[in-house]
Amino acid sequence: MSRFSNSQAVGSSSSSSRRGAGQTVLFRERERKVSDWFDQWTDQQKTQFLLSLIGGCRRKVINQVGQAINGKLGRNQAIDFTLVLPQSLCLHIFSYLDAVSLCRCARVNWYWKALSEHDAVWRLQCKTFGWRMREDVDGFDAGWKHTYHLNSMALGRPSAYTGGQMHPYSILK
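Conventions adopted
- Residues numbered from 1 in each chain as written.
- Predicted model: local features only at pLDDT ≥ 70, side-chain atom pairs only at ≥ 80, totals over all residues.
- Heavy atoms only, no water.
- Salt bridge = Lys/Arg side-chain N within 4 Å of Asp/Glu carboxyl O.
- Helix = DSSP H or I, 4+ residues; strand = E, 2+ residues; numbered from the N terminus.
- pLDDT = per-residue confidence, 0-100.
- Contact = heavy atoms within 4.5 Å.
- Core = buried A, V, L, I, M, F, W, Y, C linked by side-chain atoms within 4.5 Å.
- Buried < 20%, exposed > 50% of the residue type's maximum accessible area, 1.4 Å probe, protein only.
- Phe/Tyr/Trp six-rings, centres within 6.5 Å; stacked < 30°, edge-to-face > 60°.

Trainee: For this particular structure, what's the right way to read the pattern of salt bridges?
Mentor: Side chains that differ in sign of charge can pair as their charged atoms come close. With the rule as written, the count across this model stands at two salt bridges. Close ionic contact of Arg28 with Glu31 constitutes a salt bridge, the shortest N to O distance being 3.3 Å. Of the two residues, Arg28 and Glu31 are both situated in helix H1 (residues 14–40); the distance of three residues between them amounts to about one turn of the helix. A salt bridge links Glu117 to Lys113; the shortest N-O distance between them is 2.9 Å.

In structure tokens, the structure reads:
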């Protein structure tokens, strides 16, 4: 049995099924011949041949071949847990990250950005240090992330909010 195909011919009438059966037989013969040649080639020749075959395929066929290869290699598609789990659970997971990691997560995609900038996550960051949101802060962004930034600047340490750089001025004195 050849390694290249698992296809079967499908016909709608007796004449087309005879023609389909003939085409299937011809296909199987040619498949065996190519398989015999393939077995005699070097790895480099096999790679070149397979790449030339893939180059002539549509995206759908390439995806099917890719899934078959991943199955043979034991690889599974990675799943973004934030798309599967409820938002509250994702926020809980993100709450275990430090400020720098949260800022890195914000660069993954728009949904991770929304999760990593959520007030619930930054509130927990601030509560860890015993910081409270200031009522007298006049600003466009007086959320918990901003509170974290202000307090970390007041301590004179670089903030993840500014990409690890010291801000030239501190709002809190």
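Trainee: How do you make sense of the confidence of the model for the protein when you look at a structure like this?
Mentor: Note: predicted coordinates in regions of low pLDDT should not be interpreted at a detailed level. Of the residues in the protein, 72% have a pLDDT of 70 or more, and the chain-wide mean is 76. Within the model, the stretch residues 163–173 combines pLDDT values under 50 with 18 contacts to residues more than four positions away or in other chains.

Trainee: Help me understand the nonpolar core, please; the structure alone is not making it clear to me.
Mentor: Burial of nonpolar side chains together is a common tendency in soluble globular proteins. Of all hydrophobic cores here, the largest spans 16 residues; its most connected members are Phe94, Leu102, Leu115, Val121, Trp122, Cys126 and Tyr148. Sorting elements by how many residues they give to this core places helix H6 (residues 99–105) first, with four residues. Excluding its chain neighbours within four sequence positions, the residues that come into contact with Leu115 are Thr82, Gln87, Cys90, Leu91, Phe94 and Val121.

Trainee: How do you make sense of the packing of aromatic side chains when you look at a structure like this?
Mentor: For any pair of aromatic rings, geometry is given as the distance between the ring centres together with the angle between the planes. Under the criterion given, the structure shown has seven aromatic pairs. Ring centres of Phe81 and Phe94 lie 6.3 Å apart, and the angle between their planes is 45 degrees; on these two criteria the pair is classed as tilted. With Phe81 in helix H4 (residues 81–84) and Phe94 in helix H5 (residues 87–94), this residue pair connects regions lying 13 residues apart in the sequence. Accessibility expressed as a relative area gives 28% for Phe81, which makes it partly exposed. Judged by relative accessible area, which is 2%, Phe94 ranks as buried. A ring pair is formed by Trp110 and Tyr111, whose centres lie 5.7 Å apart and whose planes are at 70 degrees; its orientation type is edge-to-face. A relative accessible area of 19% places Tyr111 in the buried class. Here the aromatic residues Phe38, Trp41 and Phe49 are joined through ring pairs into a cluster of three or more.

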